[in-house]
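Below are the chains, spelled out letter by letter.
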Amino acid sequence: MSTERAAVRGRFTSPQGFLLAGSFLITLGSFAVLPYMSVLLHQRLGLGLGTVGTVLAVASLIQFAGGVVAGPVAARIGLRRSMLLALGLRTAGFAAFVPGLASPALAIGALLLVSAGAALYLPANKAYLVDGSPESDRPRLLSASSSAFNAGMALGPPAAAPLVMGSPGVLFSCVAGLFAVVGVGHAFLPRDAVRPEAAEAPPPATGERRSGLSPFLVTVASVYAFMFFQHYLALYAVPRTSAGFYGMVLMGYAALLVVAQPLLAERVAALSYPAALRWGFGAMAAGMAAIAGGGHAGIAVGGVLICLGEIVLFLKNDLEALARSSAPPATVFGRQRLAAGIGAFASGVVGGQLYAAAESAGSARAFWVTVVLQCVLLPVLLLGLNRRTARGRSEPRAETAAG
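Computed from a prediction, not measured in an experiment: that's the story for all the values here. (Residues numbered from 1 in each chain as written. Predicted model: local features only at pLDDT ≥ 70, side-chain atom pairs only at ≥ 80, totals over all residues. Heavy atoms only, no water.)

Notes on the overall build of the protein
Short version of the rule: The way it works is that DSSP assigns letters per residue, a run of H or I at least four long becomes a helix, a run of E at least two long becomes a strand, and they are numbered from the N terminus. Surface exposure here means Shrake-Rupley accessible area, sampled with a 1.4 Å probe, where a residue is shielded only by the protein chains that are shown.
Assigned secondary structure in the protein consists of 15 helices and zero strands. When the accessible surface of the protein is summed, it comes to about 18,300 Å², and 66% of that surface belongs to carbon and sulfur atoms.

Written out as structure tokens, the structure is:
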């Protein structure tokens, strides 16, 4: 019987399989367009770089912070209808880009519409994927979802490169059509997620004690540290190697995420939260140190180590957030998106100042050394805060018992 259950857990249900395939196609379409948005707004529509930066910042804020709306919307209309609404917004947004190529105001409105759809879709997608599944299946499902999204992110930009400047209207029309087709498929999903083993979910271990670490705060810190790599590697790597090598590093990074995260999911789930922090931030610190060393080998090795740190931290944060909250999964994932947005925003602001200071001092490597120190200190601070919080909770109980 245990073998049969393991076999069932090793497969995806039809709705889950469709959602994973849809996640790949949705991200493929999105990243065929969004990475080129600054170029389109600036070069084709003539917006100033300051205006472009403001527009992209607002769009990012909507995409991340807007995730908190996903929970209430899903509670009111359901997960499937939430995804359909989100895909409708994104389809309309990408379609509006076609006439928007001649109108800056319409193009900006289209981008904000796409961002609003993204804010609503991802929490509902993840919630539908894990809804009704036993907790033991969550690492496999969430890691597979992440792999699907990362595969789309890796393939989207090169797939769109031949069209993005020469025939952007054709590109936006194709992306809008893709989203419409995927949206139609979502309409045929069951009204509620299939629950193949909800009744067989093992009860939580009575002796298990979870640390008091806040997944929200850890997610803010994790994304904050990671986005230094995401935002500033190009500035550092391209002059020291080449644009082609930088592109290869990014493709290899995405491929490693797609392959390694499902393979490591169960091991990550088995780690305690404090251990995950040490391993995750430790890998990031080692990766940033390798990048600081410079050269092709250092940058490539650094990318691999940071990828492993991302796998551990991002997956563990979502698993812990689900396990610790009694709120619906869509609400939990919405809060996690908000935490990621705060971390990304803080990293962009702090990183820009640090990189400018390092360049002014004549040593861009000093920037990466500073990031290494932060990656070392962040888990220490988070675990120290956890210990102080735990002592604060235990001391009143001890005084009461003594009295």
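From this point on, the discussion continues.
Examining the packing of aromatic side chains
We count it as follows: Pairing of aromatic side chains here covers Phe, Tyr and the six-membered ring of Trp, requires ring centres within 6.5 Å, and sorts the geometry by plane angle: under 30 degrees stacked, over 60 edge-to-face, intermediate tilted. Exposed residues in this analysis have more than 50% of their type's maximum accessible area, buried residues have under 20%, and partly exposed residues fall in between, with area computed by a 1.4 Å probe over protein chains only.
A full pass over the atoms with the stated rule returns 14 aromatic pairs. On the numbers, 6.0 Å between centres and 75 degrees between planes, the contact of F228 with F367 is edge-to-face. In this pair, F228 is assigned in helix 10 (residues 215-240) and F367 in helix 15 (residues 365-402), connecting sequence segments 139 residues apart. You'll find F228 and F367 in the same group, each marked buried.

Digging into helix 9 (residues 168-186)
Selection rule: Helix span, expected: 1.5 Å multiplied by one less than the number of residues in the helix. Think of it as the arc spanned by the lines of direction from the helix axis to the C-beta atoms. Note on contacts: a residue pair is in contact if any heavy atoms of the two residues lie within 4.5 Å.
When the terminal C-alpha atoms of helix 9 are compared, their 27 Å separation across 19 residues agrees well with the 27 Å that a helix rising 1.5 Å per residue should span. Along helix 9, the positions that sit buried rather than exposed are P168, L171, F172, V175, A176, F179, V182, G183 and H186. One face of helix 9 carries all of its buried residues, which in axial projection span an arc of 130 degrees. Buried positions along helix 9 lie against helix 2 (14-31), helix 3 (37-44), helix 6 (79-100), helix 7 (104-130) and helix 8 (138-164).

Quick word on the pattern of salt bridges
Under the convention used in this document: Should a side-chain nitrogen of Lys or Arg be within 4 Å of a carboxyl oxygen of Asp or Glu, the pair is scored as a salt bridge.
Enumeration according to the criterion identifies four salt bridges in this entry. As a salt-bridge pair, R140 and D137 come within 3.5 Å of each other at their nearest N and O atoms. The same class applies to R140 and to D137, which are both buried. Between E320 and R324 there is a salt bridge, and its shortest N-O distance comes to 2.7 Å. With E320 and R324 both in helix 13 (residues 295-324) and four residues apart, this pair spans about one turn of that helix. A single salt-bridge network, built from bridges that share partners, covers K316, E320 and R324.

With respect to a nonpolar patch on the surface
Quick reminder of the rule: To count toward a patch, a residue needs a relative accessible area above 30% and no salt bridge. Like charges then connect within 9 Å, nonpolar side chains (Val, Leu, Ile, Met, Phe, Trp, Tyr) within 5 Å.
Together, F345, V349 and V350 make up a nonpolar patch on the protein surface, roughly 280 Å² of accessible area in all. Along the chain, F345 falls in helix 14 (residues 329-360). Using a relative accessible area of 63% as the deciding quantity, one classes F345 as exposed.

Concerning the environment of F228
Given the relative accessible area of 1%, F228 is considered buried. Between the alpha carbons of F228 and V371 there is a distance of 7.5 Å; along the sequence they are 143 residues apart. Those residues in contact with F228 that sit more than four places away from it in its chain are L233, S347, V350, G351, L354, F367, W368, V371 and Q374.

Quick look at the nonpolar core
Rules: Only buried residues count toward a nonpolar core. Its members are Ala, Val, Leu, Ile, Met, Phe, Trp, Tyr and Cys residues joined through side-chain atoms within 4.5 Å.
By size, the foremost hydrophobic cluster in this structure holds 104 residues, and its most contacted members are F94, F97 and L233. Ranked by residues supplied to this core, first place goes to helix 10 with 13 residues. Apart from the residues lying within four places of it in its own chain, the contact partners of F94 are S30, V33, V114, F172, V175, A176 and F179.

Side note on the packing of helix 5 (residues 70-77) against helix 6
Using the following cut-off: For helices, the fitted axis covers only the stretch in contact; all axes are lines through C-alpha atoms, and the angles between them, taken along N-to-C directions, range from 0 to 180 degrees. Angle categories: roughly parallel below 35 degrees, roughly antiparallel above 145, roughly perpendicular from 65 to 115, and oblique for all the rest. The hand of a helix crossing depends on one turn: near helix anticlockwise from the far one by less than a right angle means left-handed, and clockwise means right-handed. Gly is put with the polar residues, along with every residue not named as nonpolar or charged; the nonpolar set is Ala, Val, Leu, Ile, Met, Phe, Trp, Tyr, Cys and Pro, and the charged set is Asp, Glu, Lys and Arg.
Here helix 5 crosses helix 6 at 120 degrees, and the two axes come no closer than 7 Å. Considering their axes alone, helix 5 and helix 6 lie oblique with respect to each other. The hand of the helix 5/helix 6 crossing is right-handed. In this structure, helix 5 uses V73, A74 and I77 to contact helix 6, whose residues at the interface are L79, R81, S82 and L85. Across the contact of helix 5 with helix 6, the residue classes break down as five nonpolar, one polar and one charged.

Some thoughts on the packing of helix 2 against helix 9
The contact between helix 2 and helix 9 brings their axes to 10 Å, and the two run at 165 degrees. Taken together, the axes of helix 2 and helix 9 lie roughly antiparallel to each other. Helix 9 is crossed by helix 2, and the crossing has left-handed handedness. Here F18, L19, G22, L25, I26, G29 and S30 of helix 2 come into contact with helix 9, specifically with V175, L178, F179, V182, G185 and H186. Per-class residue counts for the contact of helix 2 with helix 9 are eight nonpolar, five polar and no charged.

Structural notes on the side chain of S222
Summarising the element assignment, S222 is placed in helix 10. Note on S222: relative accessible area 0%, which makes it buried.

Thoughts on the confidence of the model for the protein
Keep this limit in mind: Every residue carries a pLDDT, the predictor's confidence in it, which falls somewhere between 0 and 100.
Looking at the protein, the pLDDT average stands at 84 and 89% of residues meet or exceed 70. Mean pLDDT per element in the protein: helix 1 (residues 2-9) is the minimum at 41, and helix 12 (residues 273-293) is the maximum at 95. Confidence drops under pLDDT 50 across residues 1-8; counting only partners more than four residues distant or on other chains, this segment forms three contacts. The low-confidence segment residues 193-208 (pLDDT under 50) makes 16 contacts with residues lying over four places distant or belonging to another chain.

Brief notes about the environment of N317
When you line up the elements, N317 lands in helix 13. On a C-alpha basis, the gap between N317 and P215 in space is 5.5 Å, while along the polypeptide they are 102 residues apart. Once residues within four sequence positions are removed from consideration, N317 is found in contact with P215, V218, T219, S222, Y273 and Q336.

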